[in-house]
Amino acid sequence: MDAIELLLRRNSSAKLTEPAPTEEALQTMLAAASRAPDHGWIRPWRFLSVRGDARLQLGELFAAAAEKRDPELTEEALAKFRKQPLRAPLILVVYAQISAHPKVPEIEQKLTVGCAAQGLLLAAEALGYAGIWRTGVNAYDQTVKTGLGLSADDAIIGFIYLGTRDGGSKLLPELKLEEYLTAWGTQ
Ligand SMILES: Cc1cc2nc3c(=O)[nH]c(=O)nc-3n(C[C@H](O)[C@H](O)[C@H](O)COP(=O)(O)O)c2cc1C
């Protein structure tokens, strides 16, 4: 696939089904993610792969965290959290392992991991798969972080849901690029 075509056409799919990326595809996606621009070559990106029954465990963790945030939640609301990870055959929890660095502040390390997540999505699409980047309250919840084995300094950048597109591609909006670009200074 032509690189520019990929960059211009990439889009998320909320409806994902089997097959999940193969182990070989996943390795390529991780390699692509690891080419993210990275000030100081700190390599702050980390990935947890969640597939099969582990998705049920993740759903339990989401529900436990939700109940801790709001003990009044109904069983119906909790069931929604339990089902969230079942929306795709593979989920990658993408997080930043932040380290103290004299020149590279936390924000830059997080941005690097955001770029890594985009690299993952682009590679997935190039390999014939699809995905969607999700966060929601779970990404910023301490119970979720602890349950995933993350430390207090780690930051979840996203839950990248991956699989095969279920249904056609959506229509992509045409943006007026001139609304986003301003020439500054004397030219
Ligand atoms: C940091 C971040 C968090 C996001 N969180 C969610 C989310 O929790 N739920 C959701 O439906 N979309 C979320 N999105 C947006 C989707 O991933 C997607 O980009 C959006 O639906 C637009 O679709 P497109 O990528 O095809 O243009 C998030 C995107 C980013 C960058």
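Anything mentioned here points back to the structure above.
Everything numeric here is computed off the predicted structure, so don't read it as measured data.

Caption draft 1: Structural detail: unusual backbone geometry. A cis geometry characterises the amide bond from Glu 18 onward to Pro 19, with omega recorded as -5°. If you trace the backbone, Pro 19 turns up in the loop between β1 (16-17) and α2 (23-33). Positive phi is not limited to glycine here, since Trp 41 has a value of about 45°. Structurally, Trp 41 is set in the loop between α2 and β2 (45-51). Notably, Arg 43 is not glycine yet its phi reads approximately 55°, a positive angle. Among the structural elements, Arg 43 can be located in the loop between α2 and β2.

Caption draft 2: Layout of the site of the ligand. Residues in close proximity to the ligand include Arg 10, Asn 11, Ser 12, Ile 132, Trp 133, Arg 134, Thr 135, Gly 136 and Lys 170, which together make up its full environment. Arg 134 places a polar side-chain atom, nitrogen or oxygen, 3.4 Å from an oxygen atom of the ligand. A distance of 2.6 Å separates an oxygen atom of the ligand from a polar atom in the side chain of Lys 170. With the chains in place, 53% of the 620 Å² that the ligand exposes on its own is no longer accessible. A breakdown of the residues in the shell around the ligand according to their chemical character gives two nonpolar, four polar and three charged.

Caption draft 3: Main features of the side chain of Asp 154. Looking at the element boundaries, Asp 154 is found in the loop between α6 (142-147) and β5 (155-165). Among buried Asp, Glu, Lys and Arg side chains, Asp 154 stands out as unpaired, with Lys 145 the closest opposite charge at 6.7 Å. Reaching out from Asp 154, the side chain makes a polar contact with the backbone nitrogen of Ser 151 at a distance of 2.8 Å. Ignoring any residue separated from it by four or fewer positions in sequence, one finds Asp 154 in contact with Tyr 95, Ala 96, Gln 97, Ile 98 and Lys 145.

Caption draft 4: The pattern of salt bridges, seen in detail. Applying the stated criterion across every chain yields a total of seven salt bridges. As a salt-bridge pair, Arg 82 and Glu 60 come within 3.3 Å of each other at their nearest N and O atoms. Residue Arg 82 is located in helix α4 (residues 75-83), and its partner Glu 60 is located in helix α3 (residues 54-69); the two are separated by 22 residues in the primary sequence. Taking relative accessible area as the criterion, Glu 60 reaches 43% and is therefore assigned partly exposed. A salt bridge links Arg 82 to Glu 75, with the shortest nitrogen-to-oxygen separation between them at 2.9 Å. Under the relative-accessibility criterion, Glu 75 is labelled exposed at 52%.

Conventions adopted
Residues numbered from 1 in each chain as written. Predicted model: local features only at pLDDT ≥ 70, side-chain atom pairs only at ≥ 80, totals over all residues. Heavy atoms only, no water. Helix = DSSP H or I, 4+ residues; strand = E, 2+ residues; numbered from the N terminus. Near = heavy atom within 4 Å. Polar contact = N/O pair within 3.5 Å; in protein donor to acceptor, adjacent residues only side chain to side chain. Areas by Shrake-Rupley, 256 points an atom, 1.4 Å probe, with all protein chains shown as cover. Nonpolar A, V, L, I, M, F, W, Y, C, P; charged D, E, K, R; others polar. Buried < 20%, exposed > 50% of the residue type's maximum accessible area, 1.4 Å probe, protein only. Lys, Arg positive; Asp, Glu negative; His and termini not counted. Salt bridge = Lys/Arg side-chain N within 4 Å of Asp/Glu carboxyl O. Contact = heavy atoms within 4.5 Å.

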